[in-house]
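What follows is each chain in one-letter form.
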Amino acid sequence: MNRIEALYSFIDECDKVVDVGCDQAKLGLMLSKRKQKSIASDRSENVIDRARHDIGRNQYIDLRVSDGLENIQEGEADTLVLAGMGTHTMLEILSKTNLRFKKIITISNNYHDILREKMNDFNYKVDKELIVEDADKIYNLIVFTEGTREYTEKELLLGLNHIDEDMYKKYIEFLKEKYNNIKKSSQDKNEKVDKILEHINSL
Ligand SMILES: C[S@@+](CC[C@H](N)C(=O)[O-])C[C@H]1O[C@@H](n2cnc3c(N)ncnc32)[C@H](O)[C@@H]1O
């Protein structure tokens, strides 16, 4: 399963989807194959022009230039996809909108611990997670639903409710190698790295 297929797997046919930062609108294309309408938006006019050119006529995809959720109206979407951008961009997008979503599906490029924790400020909590391997890279998909929850330090750093145990184990091995290398190559003490390794070694 690649990244886009993973996002798709968490979308029900009745969901009203907006994919913010859609780039080539690959998710919208996949949804259109089962005749599901969606909004695919991006802040870049060039990106949307290119997607329009590449996709051609497709009555199921509403391509839109929008910085975050600026050009999305109340009632147009109940499921938000934020993929391929950083945690701080995602949080900024949420901080600038009053729109509410029953489900937010994220694939952040970084700081998953901050994303899990800060989503509480917007009244969203982790529902489930999936580790995805795509083109030799590992991605952490997180599905948030409405509500808040308290997390342990381990849950914030390593995630929770992983639905694919084998992929989670692979992720842990990947993190172990990554953070051991960081530790070896740096003389400075890094508390976060130490904590991640401590939690991994206690598994
Ligand atoms: C790396 S692409 C990810 C494309 C696709 N979502 C994926 O996961 O394959 C990131 C896209 O997010 C868009 N983007 C970044 N910040 C944005 C914002 N604040 N609002 C809308 N789009 C944004 C960029 O223009 C770019 O097209």
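In what follows, the structure referred to is the one given above.
Rules used in this analysis
- Residues numbered from 1 in each chain as written.
- Predicted model: local features only at pLDDT ≥ 70, side-chain atom pairs only at ≥ 80, totals over all residues.
- Helix = DSSP H or I, 4+ residues; strand = E, 2+ residues; numbered from the N terminus.
- Rg over C-alpha atoms; globule rule 2.2 N^0.38 Å.
- Buried ≥ 20, exposed ≤ 12 C-beta atoms within 10 Å, placed from the backbone.
- Near = placed C-beta within 6 Å.
- Nonpolar A, V, L, I, M, F, W, Y, C, P; charged D, E, K, R; others polar.
- Arc of directions from axis to C-beta.
- Contact = placed C-beta atoms within 7 Å.
- Pairing = 2+ DSSP bridges.
- Right-handed = clockwise from strand over helix to strand, strands pointing away.

Student: Please set out the overall build of the chain residue by residue, giving values where relevant.
Tutor: Looking only at helices and strands, the chain features eight helices and seven strands. In terms of overall dimensions, the chain is globule-like: its C-alpha atoms have a radius of gyration of 18 Å, near the 17 Å expected for 203 residues. With the principal axes as the frame, the chain shows a C-alpha extent of 55 × 35 × 30 Å. Across the 203 residues of the chain, 30% fall into the buried class.

Student: Can you lay out the site of the ligand for me, pointing to particular residues and giving the numbers?
Tutor: Close to the ligand lie 15 residues, the nearest being Gly-21, Asp-23, Arg-43, Ala-83 and Gly-84. For the shell around the ligand, the secondary structure elements donating two or more residues are β4 (79-85) and α4 (87-95). Considering every element that reaches the shell around the ligand, the biggest residue donor is β4, with three residues. By residue class, the composition of the shell around the ligand is six nonpolar, five polar and four charged.

Student: Hey, could you go over α4 for me, with residue numbers and the actual values?
Tutor: Those residues of α4 that fall on the buried side of the exposure criterion are Thr-87, Met-90, Ile-93 and Leu-94. Buried residues of α4, viewed axially, fall in a sector of 125°; they line one side. Looking at the buried side of α4, the elements it contacts are β1 (17-20), β4, β5 (103-108) and α5 (112-118).

Student: Residues and numbers for the environment of Asp-12, please.
Tutor: By secondary structure assignment, the location of Asp-12 is in the loop between α1 (3-9) and β1. Separated by 19 residues in the primary sequence, Asp-12 and Leu-31 place their C-alpha atoms 9.9 Å from one another.

Student: Before we move on, can you summarise the pairing of β5 with the specific residues and values?
Tutor: The buried count for β5 comes to five of six residues, which makes it a mostly enclosed element. Both β4 and β5 contribute to a ladder of six bridges, which runs parallel. Following the sheet pairing, Ala-83 is matched in β5 by Ile-107. Note on the crossover from β4 through α4 to β5: the handedness is right-handed. Bridge analysis of β5 against strand β7 (residues 137-146) gives five bridges, and the strand direction is antiparallel. Residue pairing for β7: Ile-107 is matched across the bridge by Leu-141.

Student: Lay out the environment of Leu-31 with the relevant residues and their values.
Tutor: Positionally, Leu-31 belongs in helix α2 (residues 26-33). Look past the residues within four positions of Leu-31 in its chain and what remains in contact with it is Tyr-8, Ile-11, Val-17, Gln-36, Ser-38 and Tyr-60.

Student: Help me get a handle on α2, residues and values and all.
Tutor: Of all the positions in α2, only Lys-26, Leu-27, Gly-28 and Leu-31 are classed as buried. Where α2 is buried, its residues meet α1, β1, β2 (38-42), β3 (61-65) and β4. Looking one or two residues past α2, Lys-35 carries a phi angle of roughly 60°, positive in sign.

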